[in-house]
Structure formats: structure tokens, C-alpha cells
Amino acid sequence: MDGQSALRLVWIYPDLLSTYGDRGNMLVLARRAQLRGIGVEIAQVNSDQRIPADGDIYLLGGGEDLPQILAARRMHSDGGLTQAVARGAVVFAVCAGYQIIGTEFGGVDGEPVPGLGLIDLRSERGERRGVGEVIADVDPQLGVERLTGFENHQGVTHRGPGVQPLATVVTGVGNGDGTEGAYAGHILCTYMHGPALVRNPSLADLLLRWVTGVQLPAIDPHQEELVLNLRRERLTPASA
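Residues numbered from 1 in each chain as written. Predicted model: local features only at pLDDT ≥ 70, side-chain atom pairs only at ≥ 80, totals over all residues. Heavy atoms only, no water.

A.B. asks: Just checking my understanding: could you explain the environment of His 76 for this structure?
C.D. replies: If you trace the backbone, His 76 turns up in helix α2 (residues 65-78). When the C-alpha positions of His 76 and Gly 117 are compared, they lie 9.5 Å apart, and in sequence the two are 41 residues distant. When sequence neighbours within four positions are dropped, the list of residues in contact with His 76 reads Gly 115 and Leu 116. (Helix = DSSP H or I, 4+ residues; strand = E, 2+ residues; numbered from the N terminus. Contact = heavy atoms within 4.5 Å.)

A.B. asks: In this structure, what is going on with the state of the cysteines? I would like to understand it.
C.D. replies: Put plainly, two cysteines are in a disulfide when a covalent bond ties their sulfur atoms together. Counted under the stated rule, the structure contains 0 disulfides. For the unlinked cysteine Cys 95, the closest cysteine sulfur is that of Cys 189, found at 12 Å. In this structure Cys 189 comes out as buried when scored by relative accessible area, which is 0%. (Disulfide = S-S within 2.5 Å. Buried < 20%, exposed > 50% of the residue type's maximum accessible area, 1.4 Å probe, protein only.)

A.B. asks: Could you clarify how one ought to interpret the pairing of strand β1 (residues 7-12) in this entry?
C.D. replies: Regular strands show a simple pattern: their side chains alternate between the two faces of the sheet. Of all 6 residues in β1, 5 are buried, a share of seventy percent or more. In this structure, β1 lies alongside strand β2 (residues 40-45), joined through 6 bridges in parallel fashion. By the bridge assignment for β2, Arg 8 is matched with Glu 41. In this fold, the crossover linking β1 to β2 by way of helix α1 (residues 23-34) has right-handed handedness. Of the strand pairs in this sheet, β1 and strand β3 (residues 57-60) are connected by 3 bridges, and their pairing is parallel. From the neighbouring strand, Leu 9 faces β3, where its bridge partner is Ile 57. (Pairing = 2+ DSSP bridges. Right-handed = clockwise from strand over helix to strand, strands pointing away.)

A.B. asks: Looking at this structure, how should I read the layout of surface pockets?
C.D. replies: The rolling of a water-molecule-sized probe over the atoms marks out the regions of remaining empty space. Considered as a void within the structure, the largest pocket measures approximately 310 Å³ in volume. Among the elements of the structure, α2, α4 (96-100), β5 (104-106), β7 (121-138) and β8 (147-159) are those that each provide at least two residues to the lining of the largest pocket. Looking at the lining of the largest pocket residue by residue, the classes come out as 5 nonpolar, 12 polar and 5 charged. (1 Å grid on protein atoms, 1.4 Å probe; cavity = no way out; pocket = protein on both sides within 12 Å on 5 of 7 lines; lining within 4 Å. Points joined across faces, edges and corners; volume = space filled by probe spheres on them. Nonpolar A, V, L, I, M, F, W, Y, C, P; charged D, E, K, R; others polar.)

A.B. asks: Just checking my understanding: could you explain the side chain of Asp 56 for this structure?
C.D. replies: One can find Asp 56 in the loop between β2 and β3. Classification of Asp 56 by relative accessible area gives buried; the value is 3%. Among the polar contacts made by the side chain of Asp 56, one reaches the main-chain amide nitrogen of Arg 8 at a distance of 2.8 Å. (Polar contact = N/O pair within 3.5 Å; in protein donor to acceptor, adjacent residues only side chain to side chain.)

A.B. asks: Looking at this model, I keep getting lost on α1. Mind explaining?
C.D. replies: Residues lying three or four places apart along an α-helix face the same way, a consequence of the helix completing one turn every 3.6 residues. Compared with an ideal rise of 1.5 Å per residue, which puts 12 residues at 16 Å, α1 spans 17 Å between its outermost C-alpha atoms and is within 8% of the ideal. For α1, every residue scored as buried is listed here: Gly 24, Asn 25, Met 26, Val 28, Leu 29, Ala 30, Arg 32 and Ala 33. Looking at the buried residues of α1, the elements they touch are β1, β2, β3, β4 (90-94), α5 (196-199) and α6 (201-212). (Expected span 1.5 Å × (residues − 1).)

A.B. asks: Looking at this structure, I do not really get the pattern of salt bridges. What am I missing?
C.D. replies: Note on pairing: side chains with opposite charge can pair once their charged atoms come close. Counted under the stated rule, the structure contains 12 salt bridges. As a salt-bridge pair, Asp 65 and Arg 125 come within 3.2 Å of each other at their nearest N and O atoms. A residue pair is termed long-range when its members are at least 10 positions apart, and Asp 65 in helix α2 and Arg 125 in strand β7 qualify at 60 residues. The partly exposed category is assigned to Asp 65, whose relative accessible area is 28%. (Salt bridge = Lys/Arg side-chain N within 4 Å of Asp/Glu carboxyl O.)

A.B. asks: I tried to follow the sheet that holds strand β11 (residues 182-184) on my own but got confused; where do I start?
C.D. replies: Two modes of strand pairing occur in sheets, parallel and antiparallel, and in both the strands are linked by backbone hydrogen bonds. Sheet architecture is open: 6 strands sit in the order β2-β1-β3-β4-β12-β11, paired in mixed fashion. Of all strands in the sheet, those bounded by a partner on one side alone are β2 and β11. Averaged over all pairs of adjacent strands, the angle between their axes in this sheet comes to 15 degrees, without regard to strand direction. Looking at chain direction, β3 and β4 are connected through 4 bridges and run parallel. By the bridge assignment, Leu 60 is partnered in β4 with Ala 93. The strands that α1 touches are β1, β2, β3 and β4; relative to β2, the one it contacts most, it runs at about 170 degrees. (Axes fitted to C-alpha atoms, helices over the stretch in contact; angles between N-to-C directions.)

Put into C-alpha cells, the structure is as follows:
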């Protein structure tokens, strides 16, 4: 993103990867940018369309096994997201999208399916399904408040060298090893729905800071009353 252009958000394959309202991640990013006077352009790219390589933030959501496999194959042959990452674009990937951008993930019967290899992590099918609320404390280096969301997955994710866990689990399953999500460079991943960026506005602001390169001004609390009430409601059990 430069000083003369609008923020370009690319929502990848909403026809395949859009469970549990993950489209809300795109909407909240656009809203929080606009409240700060940043222009926004949105591209919703279905699986029969080319992924533009000139976006600023790319978003991937959750999906069932077969759509996930189809999405991974089409993204691999398309190449647009890989080109965008190579030039430094930001990626926010949730659940199935999280697994797709790694090196491999478990297919319908647990067989390994090649991912895009955009981040050094591998996912497989675990023995138990993670379902329910998640609360997690974020890596302090990111400057993000405690996370709240919900998960519904059976994936277990292993990070390679250079990939950091996004957060430490307080409640929930996450990656299966006491951590939740992952990040490396300008790629950030999570198993959390909610949508994640609606429940966690400071995480949305982190992505916007990565793109703009500046500290963003605060948003009027009156504009955030609903989400702040939701956060208090979801986080209260952890602090009680």
C-alpha cells in the first residue's frame, strides 16, 4: 500500500472457504480502515477467478474437507497468492485456510495433501476434535490483547523453524500443543472463528499496521461498544 492508493483487501474463494461467518474478517478490516480515513477496495475472488497479485491483505476462511482440498489445488495452479506473498503482502488465514498455506494438511481420510508452502508448518488429523470457545494470550512481541474466539476442527498443527505461535492457550485446543495459531513475516494464522477479527479488534489493527507501516490512531469507543461488550462477555469466565 502506498500513500496514493486505497487499501486492497482480497477475500479468497468465498465459494469454498467461508464457514462460520469468516467473511466478517474482511468487513471489520474495511470498517476499521475507513474509520481512520483510509480508502478501501475489496475483491471477492471465487474459485473460478484469478487471484490478483497486487492486493495488500489476503484473507482465507474455513471450509469442509473436500472444498479445502479443491481450494488448495486451485490456489497452487493459480499462483497469485504466492506472488503476492513474495512481494510482502499480508495474509490472514483461518482454520482450513491456515492449513492450506502450510506445506501439507490431512485430507478426507487423513492422507497428506500438499499445501502452498507459504509458511513452514504442517497439519494433520488429530485424535480428538476441538470444539468450543478459545481464549489465548498473544505473543507479547505483537502487542495484541488476549484473544477470544471459537474453534471447530480436528487439525493438529506443527510449526517449523522460524514460525512462532500466535498465542498460548488458556482455554481450548488450538494447535494441539498448548499454543494457538502461528505467524511468520506478514503471515498470520489461527484456528479461531468468531469471526476472529470482529472479536479481537487489536488483531485486526495489527494487520493494518503491517500494511500501513504506521501506528494507527485510536477509534472512538462509541464505535466499538458492541464488540467491547462481546469481549467482556466471552473473557469473563477466564478472569472469574
